[in-house]
Amino acid sequence: MVREKGAMEIRAMEEGEVRIKSPMALVTSPDGKKTGPVRGAHLGWTLNLYATETRRGAKGNNVTVKKTILEGVTGSVRSGNMMALMGASGAGKSSLLDCISLRNQKFEGNVFVDGKPADNAFFGLTAYVYQDDLFFPTLTVREHLRFHAMVRMPKTIQPHIKAERVESILLDVGLQGCSDALIGGASSLIRGISGGERKRVAVATELLSNPAILFLDEPTSGLDSFMAEAVCTLLRKLANTGKIVVCVIHQPSSDTFKLFTHLCLLAKGRMAYLGELPKAVDYFAALGHACPPNFNPADFFIEELAVVPSDYEKSMARLRVVTDAYQDSDLRKQNEKWLSKVDPAVLSKPRRRTGIAITEYPATADTQFWESCRRTILQYKREPVLTRARLVNSILMGVLLGLVYFDQDTTYKAVQNKIGVAFIVTMNQCISATFGVVQEVPRDFAVFMREYLAGANRVSSYFLARTLSEIPFQILFPLVFGSIVYGMVGLRPTAGAYITFCLVLILCANTAVSMGYALSAVFRNTTAAIAAGSVVIMPMALFSGLLLDMNNIAPWLRPLQFLSIIRYTYHAIIINEYANQPINCGFNVICPFRTGNAVLTYVGAAPDELSFNMGMLFVFMLCFRLIAFMALKWHSTRVASL
Ligand SMILES: Nc1ncnc2c1ncn2[C@@H]1O[C@H](COP(=O)(O)OP(=O)(O)OP(=O)(O)O)[C@@H](O)[C@H]1O
């Protein structure tokens, strides 16, 4: 259920209905139907979090120890509140945010919405802005938000209303000035928008689904104080509309700090304060820790709660006093009154992990598919490395090989060069296609994973769109490369042979692309996928038929040749060139290849195996895509079930 309130520019999420005039709160189910007014939402939690840590033992062996990350942390926040989660580094702020947002479900205890244990509907109510924002760099801010509006807003809403919503959010977050700028980012060659604008794009993305509860992990990190204040002002406006905003924040300026209504201070995983922000200074003064005049209270609290490495014992003793004081305080009792309204049976029962079970999506699979296709095509059109570099590579490599193997004839003397060109063309296609993918796709998968966890995109919609919409490009590159090589080298001059050659290269490139997808999905990391790619491609080259005499290796190794896509491509090219073709021996008595079929025998191929080789490439292409899909699906369910 998605809670809506009309104090800001908020639009009704019902088909045809544009604006809610009354500021009355509404509940909207994922299909966009209003279901009635809600109570003031209350988010509460009571939990402990432990982790196991492997440490180096005294004898150099690894010892696993149980580490307490959060201990007896109980708190709550109401709609309309904007809570700062603060504490020194390592205090447990991000861990707490992950637990109360259920992005980490390994804790003991429970999270409650209006006194009821949070269930799967919780994910429809909440949104999470990650500390490291991940975007597709080649989209403009408007295109990015438009994509998210299409996939995150209920399917019952008309596209023009979604577009209006994007424009209204652009205005709300102050992004209208850069709405047509490419997002860009460090992982891309595109410079893109500033860090502050990226943060606002991240917030705007989450606002599209109009969540009732917004969690943010350090939304101001890396921003100057002016930008940080701008982001927090926006968050305060959202809280004022009735949303709950919980935000991990580091070193806010005093002006930014004042924007928060509530403060939760953590010290070494224990509560040090929870309450209204303006009352925190007096609370600490009463404990004997008075904030000096004209001192930023935010800095004061962090200093008070810091562990000084050179004075570890004393710091820890000070933290114990502060956390024990909160434990014994009337403030804590006051804060935890809501627990008395929770069913005691629920409190004593161990919590059942729900996982981030994405069972319902606001948009249909069709919408997700077509929107993802649009996005991938834009990406290909605009990404310089992905498209231009590969096109230039295809042309340059084609010309280079064409020059080296220029104008081969039909004599026996040209056989070795034609075998060479078949092998090198195959290797080029395999390597450039596989590594082209593993350089790009793990980054895309990481962005997709965020979309998946936000309930915005299905694995199947994204994967099909990503892989199908790039097919035209994966036809273009081998076609350009193959045509240059074919013409310059002077391979068999018939239209049929040329078309078959291009088809073989296109199949090879697409199979290699699929292999790149499989590696990217299994390893989800470019470095690891490149390393694994080398390990896979080298044996494939070895078993291609050119570098090894299969009759002179251990019999149990021979079947490996049938796993080599390089072998299938290389053989197909040679069969296309030489099957049942004459070879001009001239008047030479010593002629190593008197017929084309003798060349095939030499490389271990047979004249009638062309369709078999092409068929095997097709089968491998499908298998690699299936592996990629299954791996992506497995990773996403694993992340989601935490
Ligand atoms: N899965 C884990 N296994 C072991 N230790 C962990 C794990 N997750 C967190 N920790 C530890 O728990 C403590 C709190 O981590 P957390 O990231 O929540 O702190 P933080 O307050 O957000 O710190 P920072 O401000 O530096 O980001 C740290 O000491 C961290 O090393």
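Residues numbered from 1 in each chain as written. Predicted model: local features only at pLDDT ≥ 70, side-chain atom pairs only at ≥ 80, totals over all residues. Heavy atoms only, no water.

Under the annotation held in an unreviewed UniProt entry, the protein chain carries the name ABC transporter domain-containing protein and is attributed to Nannochloropsis salina CCMP1776. Within the UniProt record for the protein chain, the comment given under Subcellular location (unreviewed entry) is "Membrane". (UniProt positions renumbered as here; feature names shortened; annotations may be inferred.)

A. Structural context of helix α1 (residues 93-100). Among the residues of α1, Lys-93, Leu-96, Leu-97, Cys-99 and Ile-100 are the ones counted as buried. Viewed along the axis of α1, the buried residues span an arc of 165 degrees, placing them on a single side of the element. Leu-102, located one to two residues past α1, shows a positive phi value of around 60 degrees. (Buried < 20%, exposed > 50% of the residue type's maximum accessible area, 1.4 Å probe, protein only. Helix = DSSP H or I, 4+ residues; strand = E, 2+ residues; numbered from the N terminus. Arc of directions from axis to C-beta.)

B. Examining the pattern of salt bridges more closely. A complete count under the given rule lists 20 salt bridges for this structure. With a shortest N-O distance of 3.4 Å, Asp-133 and Lys-199 are connected by a salt bridge. Of this pair, Asp-133 sits in the loop between β9 (126-129) and α3 (141-152) while Lys-199 sits in helix α5 (residues 195-207); the two residues are 66 residues apart in sequence, bridging distant segments of the chain. Between Lys-418 and Glu-577 there is a salt bridge, with its nearest N and O atoms 3.0 Å apart. Of this pair, Lys-418 sits in helix α15 (residues 415-453) while Glu-577 sits in helix α20 (residues 565-578), placing them 159 residues apart in sequence. Per residue, the accessibility class of Lys-418 equals that of Glu-577, and both read buried. In the salt-bridge network here, residues are joined through shared partners; they are Glu-440, Arg-443, Asp-444, Arg-466 and Glu-470. (Salt bridge = Lys/Arg side-chain N within 4 Å of Asp/Glu carboxyl O.)

C. Just the packing of aromatic side chains, in detail. This model, assessed by the stated rule, comprises 25 aromatic pairs. Look at Phe-122 and Phe-123: their rings are 6.0 Å apart centre to centre, the planes differ by 85 degrees, and that puts the pair in the edge-to-face class. For the residue pair Phe-122 and Phe-123, the accessibility class agrees, reading buried in each case. Ring plane angle 40 degrees and centroid distance 6.4 Å describe the contact between Phe-122 and Phe-215, whose orientation is recorded as tilted. Pair noted here: Phe-122 is in helix α2 (residues 122-125) and Phe-215 is in strand β10 (residues 213-217), with a separation of 93 residues, a long-range link. On the basis of relative accessible area, Phe-122 is assigned to the buried category, the value being 1%. One aromatic cluster is present, built from ring pairs that chain together Phe-445, Phe-448, Tyr-452, Tyr-462, Phe-463, Tyr-517 and Phe-629. Of note, Arg-375 hangs over the ring of Phe-147, and the distance from its end group to the ring centre comes to 3.9 Å. (Phe/Tyr/Trp six-rings, centres within 6.5 Å; stacked < 30°, edge-to-face > 60°. Lys NZ or Arg CZ within 6 Å of the ring centre and 35° of its normal.)

D. Representation of the site of the ligand in the model. Lining the immediate environment of the ligand, one finds 13 residues, of which Ser-89, Gly-90, Lys-93, Ser-95 and His-250 sit closest. Measuring from an oxygen atom of the ligand, one finds a backbone N or O atom of Ala-91 at 3.1 Å. At 2.9 Å from an oxygen atom of the ligand is found a side-chain nitrogen or oxygen belonging to His-250. Within the complex, 62% of the 630 Å² of free accessible area of the ligand lies under protein. Secondary-structure elements contributing two or more residues to the shell around the ligand are β5 (62-78) and α1. In terms of residue count, α1 provides more of the shell around the ligand than any other element does, 3 residues in total. Considering only residue class, the shell around the ligand consists of 4 nonpolar, 6 polar and 3 charged. (Near = heavy atom within 4 Å. Polar contact = N/O pair within 3.5 Å; in protein donor to acceptor, adjacent residues only side chain to side chain. Areas by Shrake-Rupley, 256 points an atom, 1.4 Å probe, with all protein chains shown as cover. Nonpolar A, V, L, I, M, F, W, Y, C, P; charged D, E, K, R; others polar.)

E. Region of the structure containing the sheet that holds strand β11 (residues 244-248). With mixed pairing, 6 strands are arranged side by side in an open sheet as β9-β10-β11-β6-β12-β13. For this open sheet the edge positions go to β9 and β13 (270-276), each flanked by a neighbour on one side alone. Taking the axes of each pair of neighbouring strands and ignoring which way they run, one obtains an average angle of 15 degrees across the sheet. Both strand β6 (residues 82-87) and strand β12 (residues 262-267) contribute to a ladder of 5 bridges, which runs parallel. If you follow Leu-85 over to β12, its bridge partner there is Cys-264. Along the sheet face, helix α6 (residues 225-240) touches β6, β10 and β11 and points at about 135 degrees away from the line of β6. The strands touched by helix α10 (residues 312-328) within the sheet are β12 and β13, with β13 carrying the most contacts at an inclination of about 50 degrees. (Pairing = 2+ DSSP bridges. Axes fitted to C-alpha atoms, helices over the stretch in contact; angles between N-to-C directions. Contact = heavy atoms within 4.5 Å.)

F. Looking closely at the environment of Ile-100. Mapped onto the fold, Ile-100 is located in helix α1. Classification of Ile-100 by relative accessible area gives buried; the value is 0%. Between the C-alpha atom of Ile-100 and that of Trp-45, which follows or precedes it by 55 residues, the distance is 6.6 Å. The contacts of Ile-100, once residues within four sequence positions are left out, are Trp-45, Leu-47, Val-111, Phe-122, Phe-215 and Val-246.

G. Layout of the sheet that holds β5. The sheet built from 4 strands is open, its strands ordered β5-β4-β7-β8 with antiparallel pairing. Edge positions in the open sheet fall to β5 and β8 (116-117), since each of these has one partner strand only. Summarising the sheet, strand β4 (residues 42-56) and β5 pair through 14 bridges and their orientation is antiparallel. Opposite Glu-53, over in β5, you have Val-65 as the bridge partner. Contacting β4, β5 and β7 (108-113), α1 crosses the sheet at an angle of about 125 degrees to β4.

H. Structural context of the packing of α15 against α20. In the contact formed by α15 and α20, the axes pass within 9 Å of each other and the chain directions differ by 140 degrees. The orientation of α15 with respect to α20, classified from their angle, is oblique. Pair α15 / α20 crosses with right-handed handedness. Every residue of α20 that contacts α15 at Val-415, Lys-418, Ile-419, Ala-422, Phe-423, Val-425, Thr-426, Met-427 and Cys-430 is listed here: Ile-565, Ile-566, Thr-569, Tyr-570, Ile-573, Ile-574, Glu-577 and Tyr-578. Looking at the contact of α15 with α20 residue by residue, the class counts come to 13 nonpolar, 2 polar and 2 charged. (Parallel < 35°, antiparallel > 145°, perpendicular 65-115°, else oblique. Left-handed = near helix turned anticlockwise from the far one by under 90°.)

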